[in-house]
Amino acid sequence: MRIYALALLLITLLAVAEEAVAKPISYVGGTMVMQENDETGNTLSVDYTVTPNYAVGFFAKQEEGGSKNMLTVGPQLNTLVKRWNLPVGQGNIFNMTGIGESTLDGKTRPSAWTGMLADYETRRIFTSYELRLMDAQNMDSYVRQRARAGVAPYLANYDDLNTFLMLQVDDHPDKDHTIVVTPLVRFFYHTALAEAGYSSDHQAMFNWILQF
Amino acid sequence: MRKLLMTAMLLIAMTSAAQAETIIASVNGLVCAFCATSIEKTFKKQPAVDQVKVDLDTKLVTISTKDGQTIDDKTITSLITDAGYSVTNIKRQK
Ligand SMILES: [Cu+2]
């Protein structure tokens, strides 16, 4: 019984959802709007950075695929766990945790989610790994992983249009297609970012981010 | 009269030129232009700042202050830290 309670606590504490395509923390006083559409569903998040280490926000996700068209909404806290500022690159570890409610087939249940995102980027390369856990009481729960690797075909400076060619690999054992590979292209210019891709399970992907 | 006016204008131009400052900060972690906009946004909110330039090649952030205004090293460092980066060196030019 105690083990069960502990496991439940762990699931609640670790329970995710934010498929962060960029850093979930921007700069103090900055607001970031992120909208993602891919084979896992549609996501909207709005985050406000309070300190260099914390951002508070709102998260909403409409799951897609199979019988799961669950909608999850709720507040979310993003934490910068560790950052490495190097002369040639930057590495980060973030946590994103939220609680809210999920609705499926007219039923609404409390839900919780958490995720860990690790990334390392230079001007030439981009790599990231993300682990996500989500639990909607008696309705749905999952553990998913996502890895990304990208390369910039040219070195863009601050005022140039930046381009990255990337490969995203998703592992979601709860879905029909367990492993999904998505080649994509990312463009960004100053505070606007957009990416588009097409997945191995034949779904179009389109994400965008704006920073204010 | 014209001579006097020109001298006055020259004097004003010289004083203001002497009072604006250029601050050059070397920054670690400055690799991504999307994230680096946070530096530009953070400094533009400062009333003393006239212009900010970010250079990813040299990893330098160049801040020009308004006439007669300055920002101390401590503030520069904390603003860049708030934006998510690390300052390694600060140089000043009048
Ligand atoms: Cu970035």
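Residues numbered from 1 in each chain as written. Chains lettered and ligands numbered in written order. Predicted model: local features only at pLDDT ≥ 70, side-chain atom pairs only at ≥ 80, totals over all residues. Heavy atoms only, no water.

Once that is clear, we can look at the coordination of the copper ion. Metal coordination angles have textbook ideals: 109.5 degrees for a tetrahedral set of four donors and 90 or 180 degrees for an octahedral set of six. All of the protein donors around the copper ion are Cys32(B) (SG) and Cys35(B) (SG); their distances to the metal are 2.1 to 2.2 Å. Comparing Cys32(B) with Cys35(B) shows no difference in burial state: the two are buried. (Donors = N, O, S within 2.8 Å, 3.2 Å for Na, K, Ca; no water. Buried < 20%, exposed > 50% of the residue type's maximum accessible area, 1.4 Å probe, protein only.)

Now for the confidence of the model for chain A. Residue and element names in this part refer to chain A. Mean pLDDT for chain A: 88, with 88% of residues reaching 70 or above. Between the elements of chain A, mean pLDDT differs from a low of 48, seen in helix 1 (residues 2–14), to a high of 96, seen in strand 9 (residues 162–171). Predicted confidence is poor over residues 8–18, with pLDDT under 50, and the contacts of this stretch with residues over four places away or in other chains come to 39 contacts. (pLDDT = per-residue confidence, 0-100. Helix = DSSP H or I, 4+ residues; strand = E, 2+ residues; numbered from the N terminus. Contact = heavy atoms within 4.5 Å.)

Turning to the sheet that holds strand 1 (residues 31–38) of chain A, a few remarks are in order. One closed barrel holds the twelve strands; their spatial order is 1-2-3-4-5-6-7-8-9-10-11-12 (chain A), and the pairing between them is antiparallel. Each strand axis lies, on average, 20° off the axis of its neighbour in the sheet, ignoring direction. Relative to the sheet, helix 2 (residues 33–44) of chain B contacts strand 6 (107–121), strand 9, strand 10 (179–189), strand 11 (192–198) and strand 12 (204–211) of chain A, its axis offset from that of strand 12 of chain A by approximately 15°. (Pairing = 2+ DSSP bridges. Axes fitted to C-alpha atoms, helices over the stretch in contact; angles between N-to-C directions.)

Attention shifts here to unusual backbone geometry. Residues other than glycine predominantly adopt negative phi, and peptide bonds predominantly adopt the trans conformation. Its identity as a non-glycine residue notwithstanding, His202(A) has a phi of 60°, on the positive side. Classification of His202(A) by relative accessible area gives exposed; the value is 58%. Of note in the backbone geometry, Lys59(B) takes a positive phi value of approximately 60° without being a glycine. Within the element layout of this structure, Lys59(B) appears in the loop between strand 2 (49–55) and strand 3 (60–65).

Residues and elements named next belong to chain A. Alternating positions in strand 11 separate cleanly, Leu 193, Glu 195 and Gly 197 being buried on one face and Ala 192, Ala 194, Ala 196 and Tyr 198 remaining unburied on the opposite face. As defined by bridge partners, strand 10 adjoins strand 11 across six bridges and the pair is classed as antiparallel. The residue of strand 11 that forms the bridge with Arg 186 is Glu 195. Of the strand pairs in this sheet, strand 11 and strand 12 are connected by seven bridges, and their pairing is antiparallel. Residue pairing for strand 12: Gly 197 is matched across the bridge by Met 205. In sequence, strand 11 turns back onto strand 12 through a hairpin of five residues, with His 202 there showing a positive phi of about 60°.

On to the environment of Pro47(B). Residue and element names in this part refer to chain B. Its location among the elements puts Pro 47 in the loop between helix 2 and strand 2. As a C-alpha pair, Pro 47 and Thr 70 span 23 residues in sequence and 10.0 Å in three-dimensional space. Ignoring anything within four residues of it in the chain, the contact list for Pro 47 reads Lys 66 and Gln 69.

This brings us to the interface of chain A and chain B. Each side of the interface is counted separately: chain A has 29 residues, and chain B has 25 residues. Looking at the side of chain A facing chain B, the largest losses of area belong to Tyr27(A), Arg123(A) and Tyr158(A), adding up to 31% of the total buried there. Of the charged contacts, one joins Arg123(A) and Asp57(B) as a salt bridge, the two residues approaching to 2.7 Å between their closest N and O atoms. Between chain A and chain B we count eleven residue pairs in polar contact (both at pLDDT 80 or more) in total. For the side of chain A that touches chain B, the secondary-structure elements that each account for two or more residues are strand 4 (71–85), strand 11 and strand 12 of chain A. Among the residues forming the side of chain A that touches chain B, the class breakdown is 14 nonpolar, eleven polar and four charged. (Buried area = accessible area lost by both parts, 1.4 Å probe. Salt bridge = Lys/Arg side-chain N within 4 Å of Asp/Glu carboxyl O. Polar contact = N/O pair within 3.5 Å; in protein donor to acceptor, adjacent residues only side chain to side chain. Nonpolar A, V, L, I, M, F, W, Y, C, P; charged D, E, K, R; others polar.)

A few words now on the pattern of salt bridges. Scanning the entire structure with this criterion turns up 14 salt bridges over all chains. The partner of Asp38(A) in a salt bridge is Arg146(A), and the shortest N-O contact between them spans 3.4 Å. Placement of Asp38(A) in strand 1 and of Arg146(A) in strand 8 (residues 140–151) is noted, with a sequence separation of 108 residues between them. Accessibility expressed as a relative area gives 4% for Arg146(A), which makes it buried. The salt bridge partner of Arg92(B) is Asp73(B), with a shortest N-O separation of 2.6 Å. Of this pair, Arg92(B) sits in strand 4 (residues 86–93) while Asp73(B) sits in helix 3 (residues 73–82); the two residues are 19 residues apart in sequence, bridging distant segments of the chain.

Turning our attention to a nonpolar patch on the surface. Residues and elements named next belong to chain A. Taken together, the side chains of Tyr 48, Val 50, Tyr 54, Val 56 and Leu 77 present a nonpolar region at the surface, about 420 Å² in accessible area. For the nonpolar patch, the secondary-structure elements that each account for two or more residues are strand 2 (41–51) and strand 3 (54–63). Looking at where Tyr 54 falls in the secondary structure, it is placed in strand 3. (Patch = residues over 30% accessible without salt bridge, like charges linked within 9 Å, V, L, I, M, F, W, Y side chains within 5 Å. Areas by Shrake-Rupley, 256 points an atom, 1.4 Å probe, with all protein chains shown as cover.)

A word on the pairing of strand 2 of chain A. Residue and element names in this part refer to chain A. Alignment of strand 1 against strand 2, held across eight bridges, turns out to be antiparallel. When the sheet's bridge partners are listed, Thr 31 is paired in strand 2 with Tyr 48. The antiparallel pairing of strand 1 with strand 2 creates a hairpin that spans two residues between the two strands. In this structure, strand 2 lies alongside strand 3, joined through ten bridges in antiparallel fashion. Within strand 3, the position partnered with Thr 51 by the bridge is Tyr 54. Here strand 2 hands over to strand 3 after two residues, the two strands then running antiparallel side by side.

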